[in-house]
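Architecture at a glance
Listed below, chain by chain, are the residues.
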Amino acid sequence: MRIATWNVNSVNARLETVLGWFERASPDVAVLQEIKCVDEKFPTEAFERLGYNVAVHGQKTYNGVAMLSKAPLEDVRRGLPGDETDEQARYIEAVVSGETPVRVVGIYLPNGNPVETEKFAYKLAWMERLNRRARELLRYEEPLVIAGDYNVIPRPEDAEKPDAWLGDALFRPESRGAYRALQNLGLTDAFMAVDGGPGAYTFWDYQAGAWQRNNGIRIDHALLSPQAADRLVRVDIDREQRGEEKPSDHVPVVVELAL
DNA sequence: ATGGTAGCCGAGCTA
């Protein structure tokens with residue numbers, strides 16, 4: 001089973017590009033971030049034509065996440081528990097049915113900049129809520145994949161110019177510590193388990209020729225429960241996608257599990 | 001240090 005995560009930066013502005021990738025890569029499951037539309041504007045039929053079941057947690061203009069799966073989705077949950085006042089659409093969870101069911105969570109973790117504002121506090125609070133939810137889900141002792149745009153650069157090796165990110169919410173010790181705390185629960189960073197080398201970037205800014213200079217960062221991750229990590233086969237970062245016409249600033253990351 | 005780009009939506013925010 002191949003599970004993809006991709007921050008598409010508006011699913012409708014990039015629909016042909018996104019559909020083209022799905023036709024070629026044909027992941028069994030995918031989580032999308034920054035769809036930037038409400039549920040009614042999500043191109044559900046286009047994905048259904050490719051054989052996917054669709055679950056959306058949309059929002060006008062900003063954020064928005066979705067899950068696509070060839071197998072039926074059960075127990076779909078929208079929104080990260082722990083704060084009823086939080087109206088940002090950044091979390092979707094479902095069980096992918098099959099011989100071995102897999103619980104998949106798609107997240108769009110808050111960026112958190114500028115750090116001197118309430119945005120950074122929101123990011124850290126969100127990560128604490130995610131930690132709490134992960135603890136609950138790990139109790140099932142089943143295959144679990146939490147994939148998405150984490151907006152965290154885990155190590156200096158995950159940035160072409162780490163010095164440029166000092167002080168940034170994506171690289172602050174608090175953010176990296178919270179990401180490490182998730183791993184300390186028993187979750188495995190899929191990329192670190194199969195590769196872990198430097199320079200495996202998933203995001204290049206649109207500005208200042210970041211792609212041309214390979215000024216990238218690794219911020220799109222998949223964390224696996226022990227039952228999923230035991231079945232991990234490979235991780236593919238589809239770097240070529242960044243060089244396509246009208247690309248997202250993120251590229252797809254695909255995790256393959258022997259299931 | 002600044003400005004550089006993209007999307008949404010039609011000015012300014014978010015990233």
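Just so you know, these numbers come straight off a predicted model, no measurement behind them.

Of all residues adjacent to DNA strand B, which total 16 residues, the nearest are S10, R14, T61, Y206 and Q207. Sugar plus phosphate, as a fraction of atoms of DNA strand B within 4 Å of the protein: 64%. A distance of 3.2 Å separates a phosphate oxygen of DNA strand B from a polar side-chain atom of R14. Taken together, the residues that form the surface near DNA strand B break down as five nonpolar, five polar and six charged.

When the terminal C-alpha atoms of helix α4 (residues 173-184) are compared, their 16 Å separation across 12 residues agrees well with the 16 Å that a helix rising 1.5 Å per residue should span. Looking at the buried side of α4, the elements it contacts are α3 (118-138), β9 (188-189) and β12 (220-224). Just past α4, the residue G186 takes up positive phi, approximately 115 degrees.

Looking now at the packing of aromatic side chains. What the rule picks out here adds up to eight aromatic pairs. Measuring from centroid to centroid gives 6.4 Å for Y201 and W204, while their planes differ by 80 degrees, and the two rings are edge-to-face. There is no split in this pair, since Y201 and W204 are both buried. Each residue in the set W6, W21, F22, F42, F47 and Y52 is aromatic and connected to the rest through ring pairs, giving one cluster.

Now for the UniProt feature "domain: Endonuclease/exonuclease/phosphatase" (unreviewed entry) in chain A. The positions UniProt marks with the feature "domain: Endonuclease/exonuclease/phosphatase" (unreviewed entry) are residues 4-250. For residues 4-250, helix accounts for 24% and strand for 25%, while the C-alpha atoms at its two ends are 13 Å apart.

So, on to the sheet that holds strand β1 (residues 2-7). Ordered by their spatial adjacency, six strands build an open sheet running β3-β4-β2-β1-β14-β13, and the pairing between neighbours is mixed. Where the open sheet ends on each side, the last strands, each with one partner, are β3 (53-57) and β13 (232-237). Ignoring strand direction, the axes of neighbouring strands in this sheet form an average angle of 15 degrees. Here β13 runs beside strand β14 (residues 253-257); their pairing, made up of five bridges, is antiparallel. Of the residues in β14, the one forming a bridge with R234 is E256. Strands in contact with helix α1 (residues 15-25) are β1, β2 (29-33), β4 (65-69) and β14; relative to β1, the strand with the most contacts, it is inclined by about 165 degrees.

All right, on to the UniProt feature "site: Important for catalytic activity" (unreviewed entry) in chain A then. According to UniProt, the feature "site: Important for catalytic activity" (unreviewed entry) maps to D220 in the numbering used here. Its relative accessible area of 4% is what places D220 among the buried residues. The contact partners of D220, leaving out residues within four places of it in the chain, are N7, Q33, G148, D149, T202, H250 and V253. Here the side chain of D220 touches T202 through a polar contact of 2.6 Å, side chain to side chain.

Moving on: the sheet that holds strand β7 (residues 102-108). Taken together, the six strands give an open sheet; going across it, the order is β5-β6-β7-β8-β12-β9, and neighbouring strands pair in mixed fashion. Two strands bound the open sheet, and with one partner strand each, they are β5 (73-78) and β9. Bridging between β5 and strand β6 (residues 91-96) involves four bridges; their strand directions are antiparallel. Note on β6: the bridge partner recorded for R77 is E93. Running over the sheet, α4 touches β9 and β12 and is turned about 25 degrees from β12.

Cut-offs applied
Residues numbered from 1 in each chain as written. Chains lettered and ligands numbered in written order. Predicted model: local features only at pLDDT ≥ 70, side-chain atom pairs only at ≥ 80, totals over all residues. Heavy atoms only, no water. Near = heavy atom within 4 Å. Polar contact = N/O pair within 3.5 Å; in protein donor to acceptor, adjacent residues only side chain to side chain. Nonpolar A, V, L, I, M, F, W, Y, C, P; charged D, E, K, R; others polar. Helix = DSSP H or I, 4+ residues; strand = E, 2+ residues; numbered from the N terminus. Expected span 1.5 Å × (residues − 1). Contact = heavy atoms within 4.5 Å. Phe/Tyr/Trp six-rings, centres within 6.5 Å; stacked < 30°, edge-to-face > 60°. Buried < 20%, exposed > 50% of the residue type's maximum accessible area, 1.4 Å probe, protein only. UniProt positions renumbered as here; feature names shortened; annotations may be inferred. Pairing = 2+ DSSP bridges. Axes fitted to C-alpha atoms, helices over the stretch in contact; angles between N-to-C directions.

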